[in-house]
Amino acid sequence: MASISGVQPPLNSTSEQPPLFDGTTRLYTSYSCPYAQRVWITRNYKGLQDKIELVPIDLSNKPAWYKEKVYPEGKVPSLKHNGKVLGESLDLIKYVDANFEGTPLFPNHHPAKKEFGPASDFLENALGKFDDGPFFLGQFSLVDIAYIPFVERFHIVLAEVFKHDITEGRPKLATWIEELNKIGAYTQTRVDPQIIVDKFKERHMNSDLILIFLFATWLKLVHFYCAASTVKVELQQTSSEIFL
Ligand SMILES: N[C@@H](CCC(=O)N[C@@H](CS)C(=O)NCC(=O)O)C(=O)O
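- The name an unreviewed UniProt entry gives the protein chain is Glutathione S-transferase, with Medicago truncatula as the organism.

Have a look at this one:
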């Protein structure tokens, strides 16, 4: 076939096994297998040619070590990554998309925009209530402290994982985050954004689409929690009692 000529010849029963756990990520594949092709396309489209090495297998004369040492199912595709060998093409295309760099192949940004829009608009509107400063009650207060740890996490995860910037078209929210980042009391408490992203991916990205909606529901809960805390702080301001 013209499209695959020039690629490396498949390994057969006489071929030596490539090292198993040497840190190289390998995609065991077969040029003729449509399941394996799914993962091959994903790897290519995301530009991972240098990150995921192809190991073509001759299915008509399979090396014994493949089933014995690499992937007990004996099928292709399988992916060796981070000390584990994973299989099943539909799981693998999601796995490669979620765990490697390159163009995202899951249109998360659509549900993200739709699902997270109203909560972000709520914040934008709330920030417009007092005009004597960029914070929720004008000056920095407990309300900002109640919101920022959650908004910080949404901001990071939505931007990084879902390619959705909550500050886009929301100038007050953008300014609020900018101004908070000038306050040492807050910046000293920030977690490394990469840790937040990694944790989120670890927990959610290998699961189904439904988790995006669970995450959205979580945001709504936080929204109610924060709305309640705003009311408490407003009450506190008028009655001088401490509620938070
Ligand atoms: N459900 C698997 C199917 C994989 C599969 O059936 N692969 C075939 C080749 S297309 C295979 O490796 N068969 C074993 C063999 O030919 O020895 C997936 O989606 O990855």
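**Considerations on the pattern of salt bridges**
- Evaluation of the coordinates by the stated rule reveals 7 salt bridges.
- Asp-22 is the partner of Arg-26 in a salt bridge, and the nearest nitrogen-oxygen pair spans 3.0 Å.
- Here Asp-22 makes a salt bridge to Lys-80, at a shortest N to O gap of 3.4 Å. Here Asp-22, found in the segment before strand E1 (25–29), pairs with Lys-80, found in strand E3 (residues 78–81); they are 58 residues apart in sequence, far enough to count as distant.
- We classify Lys-80 as buried; its relative accessible area is 1%.
- Here the residues in one salt-bridge network are Asp-22, Arg-26, Glu-53 and Lys-80, joined through shared partners.

**Description of the nonpolar core**
- By size, the foremost hydrophobic cluster in this structure holds 27 residues, and its most contacted members are Phe-136, Tyr-147, Val-151, Leu-173 and Trp-176.
- Going through the elements one at a time, helix H4 (109–126), helix H5 (142–162), helix H6 (171–180) and helix H8 (193–205) are the ones with two or more residues in this core.
- When residues of this core are assigned to their parent elements, the largest contribution, 11 residues, is made by H5.
- Those residues within four positions of Phe-136 in sequence are excluded, and the remaining contacts are Leu-123, Ala-126, Leu-127, Phe-130, Val-143, Asp-144, Tyr-147 and Trp-176.

**Considerations on the site of the ligand**
- Around the ligand, a shell composed of Cys-33, Tyr-35, Leu-59, Lys-62, Lys-75, Val-76, Pro-77, Glu-88 and Ser-89 is seen.
- Contact distances for the ligand include 2.7 Å between an oxygen atom and a side-chain N or O atom of Lys-62.
- Glu-88 is positioned such that a nitrogen or oxygen atom in its side chain is 2.8 Å from a nitrogen atom of the ligand.
- Contact with the protein chains covers 72% of the free accessible surface of the ligand, which is 510 Å².
- Here the residues of the shell around the ligand sort into 5 nonpolar, 1 polar and 3 charged.

**Describing the sheet that holds E1**
- In space, the 4 strands of this open sheet follow the order E2-E1-E3-E4, with mixed pairing throughout. A single partner strand is all that each edge strand has here, and the edge strands are strand E2 (52–56) and strand E4 (84–87). In this sheet, adjacent strand axes meet at a mean angle of 20° when their direction is disregarded.
- Relative to E3, E1 runs antiparallel, the two sharing 3 bridges. Paired with Arg-26 across the bridge in E3 is Lys-80.

**Observations concerning the pairing of E4**
- Across 4 bridges, E3 lies against E4 in antiparallel orientation. Bridge pairing in E4 places Ser-78 opposite Gly-87.
- Count of turn residues in the E3/E4 antiparallel hairpin: 2 residues, of which Asn-82 carries a positive phi of about 50°.

**A look at unusual backbone geometry**
- Omega for the bond connecting Val-76 with Pro-77 falls within 30 degrees of zero, at 5°, which places this linkage in the cis form.
- Position of Pro-77 among the secondary structure elements: in the loop between helix H2 (64–70) and E3.
- Backbone geometry at Asn-82 places phi at a positive 50°, although glycine is not the residue there.
- In this fold, Asn-82 is placed in the loop between E3 and E4.
- The residue Glu-88 is not glycine, and still its phi comes out positive at about 70°.

Scoring rules and cut-offs
Residues numbered from 1 in each chain as written. Predicted model: local features only at pLDDT ≥ 70, side-chain atom pairs only at ≥ 80, totals over all residues. Heavy atoms only, no water. Salt bridge = Lys/Arg side-chain N within 4 Å of Asp/Glu carboxyl O. Helix = DSSP H or I, 4+ residues; strand = E, 2+ residues; numbered from the N terminus. Buried < 20%, exposed > 50% of the residue type's maximum accessible area, 1.4 Å probe, protein only. Core = buried A, V, L, I, M, F, W, Y, C linked by side-chain atoms within 4.5 Å. Contact = heavy atoms within 4.5 Å. Near = heavy atom within 4 Å. Polar contact = N/O pair within 3.5 Å; in protein donor to acceptor, adjacent residues only side chain to side chain. Areas by Shrake-Rupley, 256 points an atom, 1.4 Å probe, with all protein chains shown as cover. Nonpolar A, V, L, I, M, F, W, Y, C, P; charged D, E, K, R; others polar. Pairing = 2+ DSSP bridges. Axes fitted to C-alpha atoms, helices over the stretch in contact; angles between N-to-C directions.

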